[in-house]
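For reference, the chains in residue letters:
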Amino acid sequence: MKQVLLDLQSGSIQVEDVPVPAVKRGVVVRNAYSLISAGTESSLINLAGQSLIGKAKARPDDVKKVIQKIGTDGPLPAYRQAMSRLSKPEPLGYSCAGTVVKTGTDDFEVGDRVACAGAGYAVHAEYVSVPKNLCVKVPDGVGFREAAFTTVGSIAMHGVRNARVTVGESVAVIGLGLIGLLVVQVLKAAGCRVIGIDIDREKLSLATSLGADVVSNYDGLTGRMKAFSPFGADAVIITAATRSSAPIEAAGRLVRDQGRVVVVGNVGMNVPRDIFYEKEAEVLVSRSYGPGRYDRNYEERGIDYPIYVRWTERRNMEAFLELVRQKKVDLDRLITHTFALEDAPDAYDLINTGKERYIGVLLQYSQNGTGASDTVTHLPGSGRRKELAGVRTLGCIGAGVHALSSLYPHLPGLPVNLAGLATATGLSAHSVAKKYGFSYCTTDYQKILDDPDIDAVMIATRNDLHAPMAIDALHAGKDVFVEKPLATDIDGLRRVVEAWNESGQRLMVGFNRRYSPLAQRMKEFFGNRSTPAVLHYRVNAGQIPPDHWVHDDEQGGGMLISECCHFIDFMQFITGARPIQVYARAIEPTGTLQKYDNFQATLTFDDGSLGTVTYTTLGDPSYPKETVEVFCDNAVGRITDFRDLELRRGGKASRERRWLAQDKGFAGELLAFAKGEVPDFAGSVSTTLATFLAWESIDTGTPREIDIGTVGL
């Protein structure tokens, strides 16, 4: 299928062939129309067109993260990660309408006409995969052209609801672009008197024809407002888009005592305190479409709010379409341009250059495009890697930030042939496959497993998919490299062990630190030890946002499951011993602290060694992230951030420092997998089981015995 993509490095707009997305917790829709949001999309395009310095100035928080990464990882990894983000094209669009062609929910049937919302979902593409709570049925009497406005309409609806208007109230609308003109019509449908304010005469005229009682530019505004409502506006809704704080200043002058000002547009927010203080006026910034926005449970999982949360995203979308059906909102007069999908670059050129007046700009889709089952896209021969003789053929699943920054950059150096790449979205599949020279890309990972030419599979998806995909790959007769954690619960671990026992295939888990050159030297240093070792692995992790997917019980399993496995595996590697007991304690959650993010876990190994993992998010990020110390045989070894190794014995010290980049062993582990080395599967199972039992130990306050026989090994 074809999709509109933004090149984040150059700012150019392209229409590319990508695989049709897979249905997940919602529907796959064949688009008829999608709406270009001139303000939101143009700002992203303008950012992409800036130099690296310009991008840095616009995103100071991202620059701070890069600087911190340079301090811990070195300049090369920080540069690679930053560039990997920029090399991935960005999908555009968030409001569309079309026909359901696949469904994964009882809420919709194939053939239903629907309107769809959401950045990353309701994009400019022939087919889109959208969660059910971001879809609504289009009522009879409403066409696809009108339904494509539903997302923007819901933004207008939510802004009006936040103003808490009642019948007969006087409301000022500042900014008569697309959303402002929709707000005017919604307010009139709610029985309000409306004054529309803009500097554009044509927009003022259009607002009058759409129902505004009075319109005005800023000249003489005070007098017109006094005539319209002597005591001021009951509410002011700002839908302008400007860096200037002039709209919020004007709102302060227009609103009545104890009135409401709602900010919908992206405007300067230098609020004049004196004006708002004297009037005791309320200022509220409206958040997009309504309750549910940015809530993963609502948007991704489809978990609805109770009806007392009356106007959710989805209910706002439905209410807007009902106003359209009743002819209380006129959209035909707002549509100024319609472009075919293939001409999308011309549409954005019109918007960016301003060579013509525009309000509503639609993309129209041919109904004779690719079929909904076209989930595989073959790349041109010129983009593929040269075939190598006598090596394994690799298929990859997943292309998230970790895969792009830490795994896939090493693919060019591996003795493998790259066959297929599967990701959840066609966009990421196509861009990554093209960059590294895969033969094809797909949104159906089963295509990778069914490919007879592929004998090895790399799984680099979110945590909850590791176990089921590894099981499927083993059953398909493939050797498997799967990122950590191997599983997110004991039942999943048991099923992986069962599949491994039955298949006879190799399975390697991405415990990369044991392949670090510094780790190898430390192991050699303690290779002939005569006493048990005492190990301390300290992790100064830094705060991870509470809404990050890794904290999700279903997708991530928390930092203890997701990260602690690395450090336990490293201790196994250094000692050559298996953990047999774990005792863990954690800080009780307070504020933004998660329960399993600040803990200590002490492990006993079968050779008598003791290891303690200290994991905390409470430290200063400028301090080293990972420090591991090993004590035994009157010797000490220390690794800091896998850039600095210090070894001491007999009063003598040696030190090795890597200045440009840390080496956590990613290249080494992938090379070992590519060459078919036999991995330490039992050790990986022990590590994974130890993290689950550490969790239990925290919950019970007691030590837990580690026996891999309990999971079938």
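Rules and cut-offs
Throughout this description, residue numbers start from 1 for each chain and increase along the sequence as written. At least 70 in pLDDT is required for a residue's local features to be given in this predicted model, at least 80 for side-chain atom pairs to be given and counted, and no such filter applies to totals for whole chains, interfaces and linings, which use all residues. By convention in this description, side-chain values take in all heavy atoms of the structure and omit both hydrogens and water. Only DSSP runs of H or I covering at least 4 residues are called helices, and only runs of E covering at least 2 are called strands; the numbering of each starts at the N terminus. Between the two quantities, the radius of gyration covers C-alpha atoms and the globule rule is 2.2 Å times the number of residues to the power 0.38. In this scheme, a residue with accessible area under 20% of its type's maximum is buried, one over 50% is exposed, and one in between is partly exposed, where area comes from a 1.4 Å probe on protein chains only. Contact definition: two residues touch when any of their heavy atoms are within 4.5 Å. Positive charges are assigned to Lys and Arg, negative charges to Asp and Glu, while His and the chain termini are left out of the count. Taken as the charge location is NZ of Lys, CZ of Arg, CG of Asp or CD of Glu. Aromatic pairs are defined between Phe, Tyr and Trp rings, using the six-membered ring for Trp, whenever the two ring centres lie within 6.5 Å; interplanar angles under 30 degrees are classed as stacked, those over 60 as edge-to-face, and all others as tilted. A ring is considered to have a charge above it if a Lys NZ or an Arg CZ atom is located within 6 Å of its centre and within 35 degrees of its normal. In short, DSSP must find at least two bridges between two strands for them to pair. With axes taken as lines fitted to C-alpha atoms, and helix axes fitted only over the stretch in contact, angles between N-to-C directions fall between 0 and 180 degrees. By definition, a salt bridge exists where a carboxyl oxygen of Asp or Glu is found within 4 Å of a side-chain nitrogen of Lys or Arg. Like charges within 9 Å and nonpolar side chains (Val, Leu, Ile, Met, Phe, Trp, Tyr) within 5 Å are joined into patches, using only residues over 30% in relative accessible area that form no salt bridge. Accessibility throughout is a Shrake-Rupley quantity obtained with a 1.4 Å probe, and a residue counts as covered only by protein chains that appear here. Angular relationships are summarised with four words: roughly parallel below 35 degrees, roughly antiparallel beyond 145, roughly perpendicular across 65 to 115, and oblique for the angles in between. We call a crossing left-handed when the near helix sits turned anticlockwise from the far one by less than a right angle, and right-handed when that turn is clockwise. Residues are sorted three ways: Asp, Glu, Lys and Arg are charged, Ala, Val, Leu, Ile, Met, Phe, Trp, Tyr, Cys and Pro are nonpolar, and all the rest, Gly among them, are polar. The path from the first strand over the helix to the second decides the hand: if it runs clockwise while the strands point away from the viewer, the crossover is right-handed. The directions considered for the arc run from the helix axis to the C-beta atoms. A 3.5 Å cut-off defines polar contacts: any pair of N or O atoms within that distance qualifies, except that in protein one atom must be a possible hydrogen donor and the other a possible acceptor, and neighbouring residues in sequence count only when both atoms are side-chain atoms. Definition of nonpolar core: a set of buried residues of the types Ala, Val, Leu, Ile, Met, Phe, Trp, Tyr and Cys, connected through side-chain atoms within 4.5 Å.

**Here we look at the overall build of the protein chain**
What the protein chain contains, in helices and strands, is 23 helices and 32 strands. Against the globule reference of 27 Å for 713 residues, the protein chain gives a C-alpha radius of gyration of 29 Å, in line with a compact fold. Expressed as lengths along the three principal axes of its C-alpha atoms, the size of the protein chain is roughly 95 × 60 × 45 Å. Counting across all 713 residues of the protein chain, residues that qualify as buried make up 54%. Expressed as a percentage of contacts within the protein chain between residues at least 6 apart in sequence, the contacts between residues at least 24 apart total 69%. Taking the average location of the 79 positive side-chain charges in the protein chain and that of its 84 negative ones, the two points are 4 Å from each other.

**Considering the packing of aromatic side chains**
Inspection of the entire model under this criterion finds 11 aromatic pairs. When the centroid spacing of 4.6 Å and the interplanar angle of 40 degrees are considered together, the rings of Tyr537 and Phe567 count as tilted. Taken together, the positions of Tyr537 in strand β24 (residues 534-540) and Phe567 in helix α21 (residues 558-575) put the pair 30 residues apart, joining distant regions of the chain. Residue Tyr537 is classed as buried on the basis of its relative accessible area of 0%. Classification of Phe567 as buried rests on a relative accessible area of 0%. Relative to Phe642, the ring of Phe570 lies with its centre 5.9 Å away and its plane at 80 degrees, an arrangement referred to as edge-to-face. On the criterion of sequence distance, the pair formed by Phe570 in helix α21 and Phe642 in the loop between β29 (635-640) and β30 (644-649) is long-range, its members being 72 residues apart. Considered together, Phe570 and Phe642 belong to a single accessibility category, that of buried residues. The cationic tip of Arg310 hangs over the ring face of Trp311; the distance from NZ or CZ to the ring centre is 4.1 Å. A cation over a ring is seen here: Lys523 above Phe573, with NZ or CZ 5.0 Å from the ring centre.

**Looking at the sheet that holds strand β9 (residues 170-174)**
A sheet is described by the order of its strands in space; here 6 strands give the open sequence β11-β10-β9-β12-β13-β14, paired in parallel fashion. Since the sheet does not close on itself, it has two edges, and those belong to β11 (214-216) and β14 (282-285), each with one partner. Neighbour to neighbour, the strand axes of the sheet diverge by 20 degrees on average, direction disregarded. In the packing of helix α7 (residues 178-189) onto the sheet, contacts are made with β9, β10 (193-197) and β12 (233-238), and the angle to β9 comes to roughly 170 degrees.

**Considerations on the pattern of salt bridges**
On inspection of all chains with the given rule, the structure shows 33 salt bridges. Between Glu322 and Arg325 there is a salt bridge; the shortest N-O distance is 2.7 Å. With Glu322 and Arg325 both in helix α13 (residues 313-325), this residue pair falls 3 residues apart, about one helical turn. Looking at Glu322, the relative accessible area reads 27%, which means it is partly exposed. A salt bridge links Glu656 to Arg521, with the shortest nitrogen-to-oxygen separation between them at 2.6 Å. Note that Glu656 is positioned in strand β31 (residues 652-657) and Arg521 in helix α20 (residues 517-525), a separation of 135 residues in sequence. Given a relative accessible area of 23%, Glu656 falls into the partly exposed group.

**A closer look at a nonpolar patch on the surface**
Residues Met269, Val271, Val283 and Val285 make up a contiguous nonpolar surface patch of roughly 290 Å² in combined accessible area. Topologically, Val271 is positioned in the loop between β13 (255-263) and α11 (273-279).

**Examining the environment of Ala251**
As for its position among the elements, Ala251 is in helix α10 (residues 246-254). Classification of Ala251 as buried rests on a relative accessible area of 0%. As for Ala251 and Gln505, which are separated by 254 residues in sequence, their C-alpha atoms are 68 Å apart. Those residues in contact with Ala251 that lie beyond four places of it in its chain are Ile174, Val236, Ile238 and Val261.

**A short note on the sheet that holds β30**
Reading across from one edge, β31-β30-β29-β28-β24-β27-β26-β25-β32 is the order of the 9 strands in this open sheet, with mixed pairing throughout. Each edge of the open sheet is held by one strand with a lone partner, namely β31 and β32 (704-705). Summarising the sheet, strand β25 (residues 579-586) and β32 pair through 2 bridges and their orientation is antiparallel. Note on β32: the bridge partner recorded for Val582 is Arg704. Each of β28 (626-632), β29, β30 and β31 touches α20; the most contacted strand, β30, lies at about 10 degrees to it. In the packing of α21 onto the sheet, the strands contacted are β24, β25, β26 (599-605), β27 (610-616), β28 and β29, and the crossing angle to β27 comes to about 150 degrees.

**A closer look at the packing of helix α6 (residues 150-162) against α7**
Two elements in contact, α6 and α7, have axes whose closest approach is 9 Å; the angle formed by their N-to-C orientations is 55 degrees. Of the possible angle classes, the one that applies to α6 and α7 is oblique. Here α6 runs over α7; the crossing is right-handed. Seen from α6, the contacting residues are Val152, Gly153, Ile155, Ala156, Met157 and Val160; seen from α7, they are Leu178, Ile179, Leu182, Val183, Val186 and Leu187. Its residues assigned to classes, the contact of α6 with α7 comprises 11 nonpolar, 1 polar and no charged.

**Regarding the pairing of strand β16 (residues 360-364)**
When you tally the buried positions in β16, you get 4 out of 5 residues, the bulk of the element. Where strand β15 (residues 335-340) and β16 come together, 5 bridges link them in parallel fashion. Paired with Ile335 across the strands is Gly360, a residue of β16. In this fold, β15 hands off to helix α14 (residues 344-353), which returns the chain to β16; that crossover is right-handed.

**Points about helix α8 (residues 201-209)**
For α8, the full list of buried residues reads Leu204, Leu206 and Ala207. Take α8 and look down its axis: the buried residues cluster within an arc of 165 degrees, on one side only. The inward-facing, buried residues of α8 contact α7, β10 and β11. The N-cap residue of α8 is Asp200: its side-chain oxygen and the backbone nitrogen of Glu202 are 2.8 Å apart.

**Considering the nonpolar core**
Across soluble globular proteins, nonpolar side chains have a tendency to be buried as a group. Ranked by size, the top nonpolar core spans 76 residues in total, and within it Leu486, Leu507, Tyr537, Phe570 and Leu603 carry the most contacts. Top contributing element to this core by residue count: α21, with 11 residues. The contacts of Leu486, once residues within four sequence positions are left out, are His466, Ala467, Leu493, Val496, Leu507, Val509, Phe681, Val685 and Thr688.

**Regarding the packing of α20 against α21**
Where α20 contacts α21, the two axes come as close as 9 Å, and the packing angle between them is 40 degrees. The angle between the axes of α20 and α21 places the two elements in the oblique class. On α21, the residues that touch Ala519, Gln520, Met522 and Lys523 of α20 are Phe570, Phe573 and Ile574. Of the residues that constitute the contact of α20 with α21, the class distribution is 5 nonpolar, 1 polar and 1 charged.

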